[in-house]
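# Architecture at a glance
Spelled out, the chains give:
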Amino acid sequence: MAREKQAEAEAAAEGTPERSYREQLDFLNPIAQPLASRKLTRKLYKCIRKAAKHKQIRRGVKEVQKFINKGEKGITVLAGDTLPIDVYCHIPIMCEDRSLPYAYVPSKSDLGAAAGSKRPTCVIMIKPHEEYQETYDECLEEVGALPLPL
């Protein structure tokens, strides 16, 4: 009996496909601007994975906010499906005041997974490092080119 339940749970876990980029757009907040394109989202996740390997990320609202206030430079990546919005709506304003690039991605669970965590996260700051400088510069250029909201 226990084996049957375990087999069913495994099948259910394997059978639940991850939502596509299009499906994730349905759950976005109204403030999720500038939103990264599908291609840029993949590049950002790749850069986050590399940065996490070298311990060069800041994750979570409190930590990111603290290091923005201290003047640390980097790309800020925010999840567009975080509710309530009040949790992190001040972060983009802080980034604009300090002329730091920022972008929204559609999913907080994918953002957390890219950082090497099972836990979803709503904000990550990627710090520059020589090991992944090429990927970082590419992301920095594309995020900087995104139009800022009015």
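Now for a look at the structure at hand. Bear in mind the structure is a predicted one, so any value in this text is a computation, not a measurement.

Most of strand β2 (residues 75-79) sits out of view: five of its five residues are buried. Where burial is concerned, the two faces of β2 agree: the one with I75, V77 and A79 and the one with T76 and L78 are both buried. Inspection of the sheet shows β2 paired to strand β4 (residues 123-126) by four bridges, in the antiparallel sense. Within the sheet, the bridge partner assigned to L78 lies in β4 and is V123. Pairing analysis gives four bridges linking β2 to strand β3 (residues 102-105), with the strands arranged parallel. Residue A79 lies in a different strand from β3, and its bridge partner there is V105. For the segment spanning β2, helix α5 (residues 91-97) and β3, crossover handedness is right-handed.

A word on the sheet that holds β3. The four strands lie next to each other as β1-β4-β2-β3, forming an open sheet whose pairing is mixed. A single partner strand is all that each edge strand has here, and the edge strands are β1 (57-59) and β3. Direction aside, neighbouring strands of the sheet carry axes that sit 20° apart on average. Of the strands in this sheet, β1, β2, β3 and β4 touch helix α3 (residues 38-53), which is tilted by about 70° from β4.

The next point concerns helix α4 (residues 61-70). The set of residues buried in α4 consists of V61, V64, F67 and I68. One face of α4 carries all of its buried residues, which in axial projection span an arc of 145°. In α4, the exposed residues that point more than 90 degrees away from the buried face are K62 and K70. Its buried side turned inward, α4 meets β1, β2, α5 and β4. Following α4 by one or two positions, G71 adopts a phi angle in the positive range, close to 95°.

This part takes up the packing of aromatic side chains. Inspection of the entire model under this criterion finds two aromatic pairs. Taking 6.2 Å as the distance between ring centres and 75° as the angle between the ring planes, the aromatic pair formed by Y88 and Y104 counts as edge-to-face. Of the two residues, Y88 is situated in the loop between β2 and α5 and Y104 in strand β3; the sequence distance between them amounts to 16 residues. With respect to class, Y88 is no different from Y104; both count as buried.

The rules behind these values
Residues numbered from 1 in each chain as written. Predicted model: local features only at pLDDT ≥ 70, side-chain atom pairs only at ≥ 80, totals over all residues. Heavy atoms only, no water. Buried < 20%, exposed > 50% of the residue type's maximum accessible area, 1.4 Å probe, protein only. Helix = DSSP H or I, 4+ residues; strand = E, 2+ residues; numbered from the N terminus. Pairing = 2+ DSSP bridges. Right-handed = clockwise from strand over helix to strand, strands pointing away. Axes fitted to C-alpha atoms, helices over the stretch in contact; angles between N-to-C directions. Contact = heavy atoms within 4.5 Å. Arc of directions from axis to C-beta. Phe/Tyr/Trp six-rings, centres within 6.5 Å; stacked < 30°, edge-to-face > 60°.

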